[in-house]
Amino acid sequence: MKVFIFDLDRCNGCHNCQIACKDEHVDNDWSPIARPQPDTGQFWCKVDEEVCGKTPHVRVNYLPRLCNHCDDAPCMKAFPQAVYKRPDGLVIIDPEKAQGVEGLAESCPYGAIYWNGELGLAQKCTGCAHLLDDGWEEPRCVDACCTGALRFGEEGDFAEELSCAEVLSPEWGTAPRVYYLHKPKRFIAATVVDKEADEVVEGATVTLQRAEDDATVATARTDEFGDVWLEGLEPGRYRMWVQKEGYLDLPCAFDLTEKDQAVPEMRFYRKPATA
């Protein structure tokens, strides 16, 4: 059975996959697989862009999304008369049997199904099943990917990569067939500065602990620009200490529950001179 694999380390946000999907489906009737996608309002393949952190500590993450072609698809469970799974694993909304079934769009927890009011039809990614049936080896979105970030093929051919891949919202139990490699985790970034000397602090030791159990999860040193990046962190609350001989210890607290954290200027103070 087929799977999609997105390697997010290779995605540069070019949106070629999104554009190729539009080119293939807008105003084109591929019945009995799909009716035409409208010019606006629907993205059967969409690249989400997330800007994380604050200047000068900024990262941009790209997350391509499409129908997950789930093995336990909520849309298929809710409307078995209108949605089916092909032997190759692709989930298809039958454009004839789904005519007028408005609740179908709301059945997808991923928001991958759209309602076409003009046609009175729920629509989504088909994996370009019409092209596969015509001899193509991969959908248009995969064919258009210039970096090799998006791939498509037999599950067995990707066994090694799938062993370390992730899916979106696994807690929903839908068994998606769209997998992600190198999905970004949280980070903390900061520039440590000595305001009195008006310079950055190089070589300061940074220790990060989980707030819930005081377990040390990362250590680092500030670089020649006074910067420190602590990456690959799980959502949660953390405590950080910055230490260097001649300076007062600097404790900080960070909440990574919802987003990454960046501090453009973390002020570090020298110990008072002794008589």
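Basis of the calculations
- Residues numbered from 1 in each chain as written.
- Predicted model: local features only at pLDDT ≥ 70, side-chain atom pairs only at ≥ 80, totals over all residues.
- Heavy atoms only, no water.
- Pairing = 2+ DSSP bridges.
- Helix = DSSP H or I, 4+ residues; strand = E, 2+ residues; numbered from the N terminus.
- Axes fitted to C-alpha atoms, helices over the stretch in contact; angles between N-to-C directions.
- Phe/Tyr/Trp six-rings, centres within 6.5 Å; stacked < 30°, edge-to-face > 60°.
- Buried < 20%, exposed > 50% of the residue type's maximum accessible area, 1.4 Å probe, protein only.
- Lys NZ or Arg CZ within 6 Å of the ring centre and 35° of its normal.
- Core = buried A, V, L, I, M, F, W, Y, C linked by side-chain atoms within 4.5 Å.
- Salt bridge = Lys/Arg side-chain N within 4 Å of Asp/Glu carboxyl O.
- Patch = residues over 30% accessible without salt bridge, like charges linked within 9 Å, V, L, I, M, F, W, Y side chains within 5 Å.
- Areas by Shrake-Rupley, 256 points an atom, 1.4 Å probe, with all protein chains shown as cover.
- Contact = heavy atoms within 4.5 Å.

K.L.:
What is the right way to read the sheet that holds strand E13 (residues 216-221) from this model?
P.N.:
Consider a sheet: its strands pair through backbone hydrogen bonds, and that pairing is either parallel or antiparallel. Taken in spatial order, the four strands of this open sheet run E13-E12-E15-E16, and their pairing is antiparallel. With one partner strand each, in any of the chains shown, E13 and strand E16 (250-255) form the two edges of the open sheet. Within this sheet the neighbouring strands show an average axis-to-axis angle of 20°, counted without direction.

K.L.:
Which parts of the structure should I look at to understand the packing of aromatic side chains?
P.N.:
Aromatic ring pairs are reported here in terms of the distance separating the ring centres and the angle at which the planes meet. Scanning all chains against the criterion turns up five aromatic pairs. Ring geometry for Tyr110 against Trp172: centres 4.9 Å apart, planes inclined by 65°, an arrangement best described as edge-to-face. Remark: Trp172 occurs in the loop between helix H5 (159-162) and strand E9 (178-181) and Tyr110 occurs in the loop between strand E5 (91-93) and strand E6 (114-116); sequence separation between them is 62 residues. Of the residues examined, Trp172 reaches a relative accessible area of 41% and is grouped as partly exposed. Between Phe187 and Trp229, the aromatic rings sit 5.2 Å apart at their centres with planes inclined by 45°, giving tilted as the arrangement. One end of the pair, Phe187, is in strand E10 (residues 186-194); the other, Trp229, is in strand E14 (residues 227-233), and 42 residues separate them in sequence. Sitting over the face of the ring of Trp229, Arg59 holds its NZ or CZ atom 4.1 Å from the ring centroid.

K.L.:
What should I look at first to understand the nonpolar core in this one?
P.N.:
Here is a general trend for soluble globular proteins: nonpolar side chains tend to be buried in one another's company. The biggest cluster of nonpolar side chains holds 45 residues, and the ones touching the most others in it are Phe4, Leu66, Val83, Leu104, Ile113 and Cys141. With three residues, E5 is the single largest residue contributor to this core.

K.L.:
Got a minute to help me understand the pattern of salt bridges in this structure?
P.N.:
Where side chains of opposite charge bring their charged atoms close, a pairing between them can arise. Under the definition given, this model contains 22 salt bridges. Taking the shortest distance from any N to any O, the salt bridge between Lys85 and Asp71 comes out at 3.3 Å. Taken together, the residues span a long stretch of sequence, with Lys85 in strand E4 (residues 83-85) and Asp71 in the loop between strand E3 (57-66) and helix H2 (74-78) at a distance of 14 residues. A relative accessible area of 23% means that Lys85 is categorised as partly exposed. One salt bridge in this structure joins Arg86 and Asp133, with 2.9 Å as the shortest N-O distance. Of this pair, Arg86 sits in the loop between E4 and E5 while Asp133 sits in helix H3 (residues 129-133), and the two are 47 residues apart along the sequence. Of the residues examined, Arg86 reaches a relative accessible area of 13% and is grouped as buried. The exposure class of Asp133 is exposed, given its relative accessible area of 52%.

K.L.:
It is not clear to me how a nonpolar patch on the surface should be interpreted in this structure. Could you clarify?
P.N.:
Together, Val51, Val58 and Val60 line one region of the surface with nonpolar side chains, adding up to about 230 Å² of accessible area. Positionally, Val51 belongs in strand E2 (residues 45-54).

K.L.:
Would you explain the side chain of Asn68 in this entry?
P.N.:
Position of Asn68 relative to the elements: it lies in the loop between E3 and H2. Setting aside chain neighbours within four positions, we find Asn68 in contact with Tyr110, Pro176, Arg177 and Val178.

K.L.:
What am I meant to see in the pairing of strand E1 (residues 2-7) here?
P.N.:
Every regular strand shows the same layout, with side chains that alternate between the two sheet faces. Burial runs high along E1: five of the six residues are buried. Pairing of E1 with strand E8 (residues 150-154), which is carried by five bridges, proceeds in the antiparallel orientation. Within E8, the residue paired with Lys2 across the bridge is Glu154. Strand direction decides the pairing type here: E1 and E9, joined by four bridges, are parallel. Bridge pairing in E9 places Ile5 opposite Tyr179.

K.L.:
Explain the sheet that holds E9 here, please?
P.N.:
Read from one edge to the other, the open sheet built from three strands follows the order E8-E1-E9, with strand pairing classed as mixed. Strand pairing shows two members of the sheet lacking a second neighbour, E8 and E9, which therefore form its edges. Each adjacent strand pair in this sheet contributes to an overall mean axis angle of 25°, direction not counted.

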